[in-house]
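Results of the structural survey
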Amino acid sequence: MGLPEERGRSSSGSRGQEEAGAGGRARSWSPPPEVSRSAHVPSLQRYRELHRRSVEEPREFWGDITKEFYWKTPCPGPFLQYNFDVTKGKIFIEWMKGATTNVCYNVLDRNVYEKKLGDKVAFYWEGNEPGETTQITYHELLVQVCQFSNVLRKQGIQKGDRVAIYMPMIPELVVAMLACARLGALHSIVFAGFSAESLCERILDSGCSLLITTDAFYRGEKLVNLKELADEALEKCQEKGFPVRCCIVVKHLGRAELGMGDSPSQSPPIKRPCPDVQGKLKEKSKRVWPQIPWNQGVDLWWHELMQEAGDECEPEWCDAEDPLFILYTSGSTGKPKGVVHTAGGYMLYVATTFKYVFDFHAEDVFWCTADIGWITGHSYVTYGPLANGATSVLFEGIPTYPDVSRLWSIVDKYKVTKFYTAPTAIRLLMKYGDEPVTKHSRASLQVLGTVGEPINPEAWLWYHQVVGAQRCPIVDTFWQTETGGHMLTPLPGATPMKPGSATFPFFGVAPAILNESGEELEGEAEGYLVFKQPWPGIMRTVYGNHERFETTYFKKFPGYYVTGDGCRRDQDGYYWITGRIDDMLNVSVREKIGPIATPDYIQNAPGLPKTRSGKIMRRVLRKIAQNDHDLGDTSTVADPSVINHLFSHRCLTTQ
């Protein structure tokens, strides 16, 4: 498929300009004037002023932002203390240590009582089937969170306890994570596409005393019997000497059995098609309602516990440096790292990135398509939008079900203004051409975003010209589970965009590019991407293994946070992520270092073991190259048969 502009489209809307120069500068697009006029940051000059202040005076810059939140007690000592240099002692980062707050209070109570947003819709929920919908206001969400907080308290959950959550994209997932935050308990959310083995491993590593899950759910046409997987995981935990005492189960697929009499303050009934239509849907798609296994003495129904729970719950006031949650990221070694984020700094950072990167305004309807099981969902489905009093879409389904125009149908249905998705989804939908997109209006869209990996220029152009009708700026965001929020990103009203570039650092972020010797490179350069000073959203440790935290992120270049990514800075100062450093094969220096830089073997493959995380794919490929069948967790590989094929057709190598 040719580039979109090769198919006869003019470049109106956001203005494109070809910049000639040595080496051929990439084409850039200026922000549309109508976006800049109302933007929080309306010009590149204003961005530079704010960024300079945020880096040179971080205590004053973030200190001003703290005034927008509720603090039970103010910070009694230094606003920021840290050490990034392993040669000078233990690595630590402390923002506002000693100040007390509660994240749940700030994203719910503050919005309901101080900002009077109780009747505002917090989430439009769109189920797997187009007819399955509900909505929940800020007040309704607060009541449910208080009720479930009381449920957890009754089950013995206290501040500092860990709670595992293994659920699809339903409103109760948001309720569960916010209830943990209200009590000062740490949620550890495990993506519902992960295996029982993965869930068990994460429960054991963080010592979770309670699991929250769901009976079952459909993902497109595929039935996922989640309760069965949860039971298998708990059985494995028991075998390894760690029995989990309680499992709370949401009746999601069997929700219709509960009747429509449930009040929204307990568990929102899903608006399903009428029985006749529902019957046809079941018949058409061969829907089955599985038998749910039940373990007496361990399993408890969510809806029964909620019926008995009071709807007021005083929040637990936490130190700004108390942990908020653990989220496991798959390391290149195969053993996941429990990334720990803290209450105060994380809240500030996701709220601020959400406001400025998406140029959020009160009337917006925001939609991040990521699953809450990933950091993108934590930061930009739950905490960031709610901290700003935003209305969001919560989507259970997939982009291709029941047809490939599903996303754009939802955009029109809810009048989505800001849309955030992954390059993988964009490339997938590109294959089906323009018509599934253009048959929908999409007139409400104002800003588009991408996350998860660098977007290739062809996909960027299609996203800009077809989805955004050449009038929506694209924020191509670079960040990591470990950073909590956006690190390199355009701002919609300020930054001229270059397809494929994450452009410039966000406020408080001080990037540098280092060579192999750890020397900072100036001007046009390529090397290791590092950050020179902390931002509020940086992770504080790897759960239970601070040494791994120090070794992974700070040992290679003392004094810097090491991202593990390669980066190029062009002549205009734009940053381009080039890929994971640990996997790069630098063939450009072949003449200098000799044949070590050339591959020993080249193996043809029908496909690759693709997952949402390139890191998992690279680990599997390394194992195949070594003929090592101990692959670790591969439950998120899209097509497991590819792994078998790669092993069976593996090159015969000499040891």
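Here, every reference points to the structure presented above.
Below is a short write-up of the structure.

About the cut-offs
- Counting restarts for each chain: residues are numbered from 1 in the order of the written sequence.
- Selection of residues for local features in this predicted model requires a pLDDT of at least 70, selection of side-chain atom pairs for listing and counting requires 80 or more, and totals for whole chains, interfaces and linings are taken over all residues.
- The basis for the side-chain values is all heavy atoms of the structure; hydrogens and waters are excluded.
- A run of H or I in DSSP becomes a helix once it reaches four residues, and a run of E becomes a strand once it reaches two; helices and strands are each numbered from the N terminus.
- Remark: exposure states derive from per-residue accessible area (1.4 Å probe, protein chains only) relative to the maximum for the residue type, with buried under 20%, exposed over 50%, and partly exposed in between.
- Residue contacts are defined here by distance: any two heavy atoms, one from each residue, within 4.5 Å place the two residues in contact.
- Accessible surface area values rest on a Shrake-Rupley calculation with a 1.4 Å probe, where residue burial reflects the displayed protein chains alone.
- Strand pairing follows a simple DSSP-based rule, namely that at least 2 bridges must link the two strands.
- Residues grouped as a nonpolar core are buried Ala, Val, Leu, Ile, Met, Phe, Trp, Tyr and Cys residues, joined through side-chain atoms within 4.5 Å.
- Inter-axis angles, ranging from 0 to 180 degrees, are taken between N-to-C directions of lines fitted to C-alpha atoms, where helices are fitted over the stretch in contact.
- We call two directions roughly parallel when the angle between them is under 35 degrees, roughly antiparallel when it is over 145, roughly perpendicular when it lies between 65 and 115, and oblique otherwise.
- Here a crossing is taken to be left-handed if its near helix is turned anticlockwise relative to the far helix by less than a right angle, and right-handed if that turn runs clockwise.
- All residues other than Ala, Val, Leu, Ile, Met, Phe, Trp, Tyr, Cys, Pro, Asp, Glu, Lys and Arg, Gly among them, are scored as polar; the first ten of these are nonpolar and the last four charged.
- For Phe, Tyr and Trp, rings pair up if their centres lie within 6.5 Å, where Trp contributes its six-membered ring, and each pair is then called stacked (planes under 30 degrees apart), edge-to-face (over 60) or tilted (otherwise).
- Whether a charge lies above a ring is judged from NZ of Lys or CZ of Arg, which has to be within 6 Å of the ring centre and within 35 degrees of the ring normal.
- Patches were defined on residues exceeding 30% relative accessible area and lacking a salt bridge, with like-charge contacts within 9 Å and nonpolar side-chain contacts (Val, Leu, Ile, Met, Phe, Trp, Tyr) within 5 Å.
- Just to be clear on terms, a salt bridge is a Lys or Arg side-chain nitrogen sitting within 4 Å of an Asp or Glu carboxyl oxygen.
- For the purpose of charge, His is not counted, nor are the chain termini; Lys and Arg are scored as positive and Asp and Glu as negative.
- Think of each charge as sitting on NZ of Lys, CZ of Arg, CG of Asp or CD of Glu.
- Take the number of residues in a helix, subtract one, and multiply by 1.5 Å to get its expected span.
- In protein, a polar contact means a hydrogen-donor-capable atom and an acceptor-capable atom, both N or O and within 3.5 Å, with residues adjacent in sequence counting only if both atoms are side-chain atoms; elsewhere, any N or O pair within 3.5 Å suffices.

Let's talk about the overall build of the chain
Looking only at helices and strands, one finds 20 helices and 27 strands in the chain. Relative to its full complement of 655 residues, the chain shows a buried share of 59%. Within the chain, counting contacts between residues at least 6 apart in sequence, those at least 24 apart form 74% of the total. With an accessible surface of roughly 26300 Å², the chain has 51% of that area assigned to carbon and sulfur atoms.

Topic: the pairing of strand β27 (residues 575-580)
With five bridges joining them, strand β26 (residues 561-569) and β27 adopt antiparallel strand pairing. Its bridge partner lying in β27, C567 is registered against I577. Where β26 folds back on β27, the antiparallel hairpin that results is connected by five residues, among which G573 adopts a positive phi of roughly 85°.

Looking at the nonpolar core
Formed by 123 residues in total, the largest nonpolar core has its most connected members in L141, F148, L152, I165, L178, I212 and Y383. Contacts of L152, omitting those with residues within four sequence positions, involve I157, A179, C180, L183, L210, I212 and I248. W29, I426, L429 and Y463 belong to the second largest nonpolar core, which has 30 residues in total.

Regarding unusual backbone geometry
A cis geometry characterises the amide bond from Y401 onward to P402, with omega recorded as 0°. Along the chain, the position of P402 falls in the loop between β19 (391-395) and α13 (406-414). Residues other than glycine seldom take positive phi values, yet K415 does so here, at roughly 55°. Mapping K415 onto the fold places it in the loop between α13 and β20 (418-421). A residue is classified by how much of its surface remains accessible, and K415, at 54% relative accessible area, is exposed.

Things to note about the packing of helix α6 (residues 171-183) against helix α12 (residues 375-387)
Running from N to C, α6 and α12 cross one another at 60°; their axes reach a closest spacing of 12 Å. The angle between α6 and α12 places the two elements in the oblique class. Note on packing geometry: the crossing formed by α6 with α12 is right-handed. Taking contact as the criterion, the partners of V174, M177, L178 and A181 in α6 are, on α12, H378, T382, Y383 and L386. In terms of residue class, the contact of α6 with α12 is built from six nonpolar, two polar and no charged.

Concerning the packing of aromatic side chains
A complete count under the given rule lists 44 aromatic pairs for this structure. Taking 6.0 Å as the distance between ring centres and 80° as the angle between the ring planes, the aromatic pair formed by Y380 and Y420 counts as edge-to-face. Residue Y380 is found in helix α12, and its partner Y420 is found in strand β20; the two are separated by 40 residues along the sequence. Y380 gets classed as buried once you look at its relative accessible area, which sits at 0%. The positively charged end of K251 is found above the aromatic ring belonging to W301, 4.7 Å away from the centroid. One cation-aromatic arrangement involves K498 over Y574; the distance from NZ or CZ to the ring centre is 4.3 Å.

Comments concerning the sheet that holds strand β14 (residues 299-301)
Strand order in the open sheet formed by eight strands is β14-β13-β10-β8-β9-β16-β17-β25, and the pairing between neighbours is mixed. A single partner strand is all that each edge strand has here, and the edge strands are β14 and β25 (541-542). Where strand β13 (residues 246-250) lies against β14, three bridges are found, and the strand directions are parallel. Note on β14: the bridge partner recorded for I248 is L300. Running at roughly 80° to strand β17 (residues 337-342), helix α11 (residues 343-357) makes contact with β16 (323-329) and β17 of the sheet.

Considering a negative patch on the surface
A contiguous patch of negative charge, built from E228, E232, E235 and E239, is present on the exposed surface. Along the chain, E232 turns up in helix α8 (residues 226-239).

Considering helix α5 (residues 138-154)
For α5, spanning 17 residues, the distance from its first C-alpha to its last is 24 Å, which sits close to the expected 24 Å at 1.5 Å a residue. Most of α5 sits inside the fold, with 12 of its 17 residues counted as buried. Among all positions in α5, only Y138, L141, L142, V143, Q144, V145, C146, Q147, F148, S149, V151 and L152 are buried. Looking one or two places after α5, you find G156, whose phi comes out positive at around 90°.

Here we look at the environment of V467
Within the fold, V467 resides in helix α16 (residues 457-467). V467 sits 22 residues away from L445 along the chain, and the two C-alpha atoms are 8.9 Å apart. Beyond its immediate stretch of four places on either side in the chain, V467 contacts W408, V437, R442, L445, L448 and W462.

What about the side chain of K227?
Its place among the elements puts K227 in helix α8. Here P293 takes part through its backbone oxygen, which lies 3.0 Å from a polar atom of the side chain of K227. Every residue in contact with K227, bar those within four places of it in the chain, is listed here: T213, T214, D215, V249, I292, P293, W294, N295 and D299.

A few points about the pattern of salt bridges
Within this structure, the stated rule accounts for 25 salt bridges. Ionic pairing is found between E520 and K532, a salt bridge with its closest N-O pair at 3.3 Å. Of this pair, E520 sits in the loop between β23 (511-514) and β24 (525-531) while K532 is found in the loop between β24 and β25, placing the two residues 12 residues apart along the sequence. Accessibility expressed as a relative area gives 31% for E520, which makes it partly exposed. In this structure, K623 engages D628 in a salt bridge whose closest nitrogen and oxygen atoms are separated by 3.2 Å. A relative accessible area of 26% places D628 in the partly exposed class. Through salt bridges that share partners, R53, E57, D64 and K67 make up one connected network.

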